[in-house]
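Secondary and tertiary structure notes
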Amino acid sequence: HDSGANDKGFAQAIDFVYLPVDGAHGVNKGYAFVNFRTTDAACQFDTVFSGVPLRCFRSQKVAKVEKASVQGYKAHRKILRSKLAKNVEVGAVWFAQG
């Protein structure tokens, strides 16, 4: 059962993903920040993924999509650089090329 963003055709719509990690336990914190190239793509992602069960994690939880207070690729990069400068453990990060 395909349920990832790539499998649903969102790979080209996303230019930034940040998955915060709990450094003490070595696991993700249960949420991620995803930046979309367009508002339409973000709305489509919300439609496809909101309420989807997270079965691959053996959990009863479902995906929840919310608008973040920080918007835009450049703004996300700026915040991430600030965290890195302060030696804050940031977790997994992906930037689109180009």
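Definitions and limits used
Residues numbered from 1 in each chain as written. Predicted model: local features only at pLDDT ≥ 70, side-chain atom pairs only at ≥ 80, totals over all residues. Heavy atoms only, no water. Core = buried A, V, L, I, M, F, W, Y, C linked by side-chain atoms within 4.5 Å. Buried < 20%, exposed > 50% of the residue type's maximum accessible area, 1.4 Å probe, protein only. Helix = DSSP H or I, 4+ residues; strand = E, 2+ residues; numbered from the N terminus. pLDDT = per-residue confidence, 0-100. Phe/Tyr/Trp six-rings, centres within 6.5 Å; stacked < 30°, edge-to-face > 60°.

**Some thoughts on the nonpolar core**
- The biggest cluster of nonpolar side chains holds 7 residues, and these are Phe10, Ala13, Ile14, Phe36, Ala41, Phe45 and Phe49.
- Considering every element that reaches this core, the biggest residue donor is helix α1 (residues 39-49), with 3 residues.

**Section: the confidence of the model for the chain**
- In the predicted model, the chain carries a mean pLDDT of 79, and the fraction of residues at 70 or more is 80%.
- In the model of the chain, strand β5 (residues 92-95) stands out as the element of lowest mean pLDDT, 66, in contrast to α1, which has the highest, 93.

**Some thoughts on the packing of aromatic side chains**
- Across all of its chains, the model carries 6 aromatic pairs by this definition.
- Taken together, a centroid distance of 5.2 Å and an interplanar angle of 80 degrees make the contact between Phe10 and Phe45 edge-to-face. With Phe10 in the segment before β1 (14-19) and Phe45 in helix α1, this pair connects stretches of sequence that are 35 residues apart. Each member of the pair, Phe10 together with Phe45, is buried.
- Between the aromatic rings of Tyr31 and Phe33, the centroid separation amounts to 5.7 Å while the plane-to-plane angle is 90 degrees, which identifies the pairing as edge-to-face.
- Every member of this aromatic cluster is reached through a ring pair, and the members are Phe10, Phe36, Phe45 and Phe49.

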